[in-house]
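Chain by chain, the residues run as shown.
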Amino acid sequence: MAGIGPLSQDWEPVVLRKKAPTAAAKKDEKAVNAARRSGAEIETLKKCKAIHSLNTRKLDEETENLTHEKVPLELKKNIMQARMDKKFTQAQLAQLINEKPQVIQEYESGKAIPNQQIIIKLERVLGTKLRGKK
């Protein structure tokens, strides 16, 4: 057996340390309050954005009326009159042009956005010209 004699340790002490706090941890409310209690200096900066940037000014100056086109009064009346002359209900007329009954209801109430394809279908089924002169 080798090494008979006094035993000695050749170990060095190991020191464990906590990591330094990250920037987010330094800004944590608990950390700031602890720093205040200990009397450490605290630097506070307020960040603010420009209130009136170029884009917001353009939007504020915008005066264009942005509404969509609605069915004209004359077209509404022409659709209703032609449908009544043919003795169709709104649902029957909608079925003939392959649309939902709600579409006919919106056209007759003037809430629909005019679609030329639907108007052409209505003219074909009702057998009359709805736009312009009859």
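Residues numbered from 1 in each chain as written. Predicted model: local features only at pLDDT ≥ 70, side-chain atom pairs only at ≥ 80, totals over all residues. Heavy atoms only, no water.

Going by what an unreviewed UniProt entry lists, the protein is known as HTH cro/C1-type domain-containing protein and is assigned to Spirodela intermedia. You can read under Sequence similarities (unreviewed entry) in the UniProt record for the protein the words "Belongs to the MBF1 family." (UniProt positions renumbered as here; feature names shortened; annotations may be inferred.)

*Asks:* Help me understand the overall build of the protein in this model?
*Replies:* Counting its regular elements, the protein contains seven helices and zero strands. For the protein, the succession of helices and strands along the chain, N to C, is α-α-α-α-α-α-α. With 134 residues in all, the protein has 17% of them scored as buried. By sequence separation, contacts in the protein at least 24 residues apart represent 53% of the contacts at least 6 residues apart. Split by element, the accessible area of the protein, about 12,400 Å² in all, is 53% carbon and sulfur. (Helix = DSSP H or I, 4+ residues; strand = E, 2+ residues; numbered from the N terminus. Buried < 20%, exposed > 50% of the residue type's maximum accessible area, 1.4 Å probe, protein only. Contact = heavy atoms within 4.5 Å. Areas by Shrake-Rupley, 256 points an atom, 1.4 Å probe, with all protein chains shown as cover.)

*Asks:* What is the right way to read the pattern of salt bridges from this model?
*Replies:* Where charged atoms of side chains with opposite charge meet at close range, the side chains can pair. Across all of its chains, the model carries three salt bridges by this definition. We note a salt bridge from Arg83 to Glu108, for which the minimum N-O separation is 2.6 Å. One end of the pair, Arg83, is in helix H4 (residues 73-85); the other, Glu108, is in helix H6 (residues 101-109), and 25 residues separate them in sequence. Across the salt bridge formed by Glu123 and Arg131, the nearest N and O atoms sit 3.0 Å from each other. With a relative accessible area of 14%, Glu123 lands in the buried category. Arg131 sits in the partly exposed class, given a relative accessible area of 31%. (Salt bridge = Lys/Arg side-chain N within 4 Å of Asp/Glu carboxyl O.)

*Asks:* Sorry if this is basic, but what is going on with the side chain of Lys76 here?
*Replies:* Tracing the sequence through the fold places Lys76 in helix H4. Buried within the structure, Lys76 lacks any salt-bridge partner; Glu108 is the closest side chain of opposite charge, at an N-O distance of 10 Å. With residues near it in sequence (within four places) discarded, Lys76 still touches Val71, Tyr107, Glu108, Ser109 and Gly110. (Lys, Arg positive; Asp, Glu negative; His and termini not counted.)

*Asks:* Which parts of the structure should I look at to understand H4?
*Replies:* An α-helix turns once per 3.6 residues; consequently, residues spaced three or four apart project the same way. Helix length check: H4, at 13 residues, gives a terminal C-alpha distance of 18 Å against a target of 18 Å (1.5 Å per residue), a fit within 8%. Taken residue by residue, H4 has Leu75, Lys76, Asn78, Ile79, Ala82 and Arg83 as its buried positions. Down the axis of H4, the buried side of the element spans an arc of 165°, and every buried residue falls inside it. In H4, the exposed positions angled more than 90 degrees off the buried face are occupied by Leu73, Met84 and Asp85. Of the surrounding elements, those touching the buried residues of H4 are helix H5 (90-96), H6 and helix H7 (116-126). Positioned one or two residues after H4, Lys87 has a phi angle of 60°, which is positive. (Expected span 1.5 Å × (residues − 1). Arc of directions from axis to C-beta.)

*Asks:* Quick question: what am I supposed to make of H6 here?
*Replies:* All buried positions along H6 are accounted for by Val103, Ile104, Tyr107 and Glu108. An end-on view of H6 places all buried positions within 130° of arc, on one side of the element. On its buried face, H6 is in contact with H4, H5 and H7. The first or second residue beyond H6 is Gly110, which carries a positive phi of 85°.

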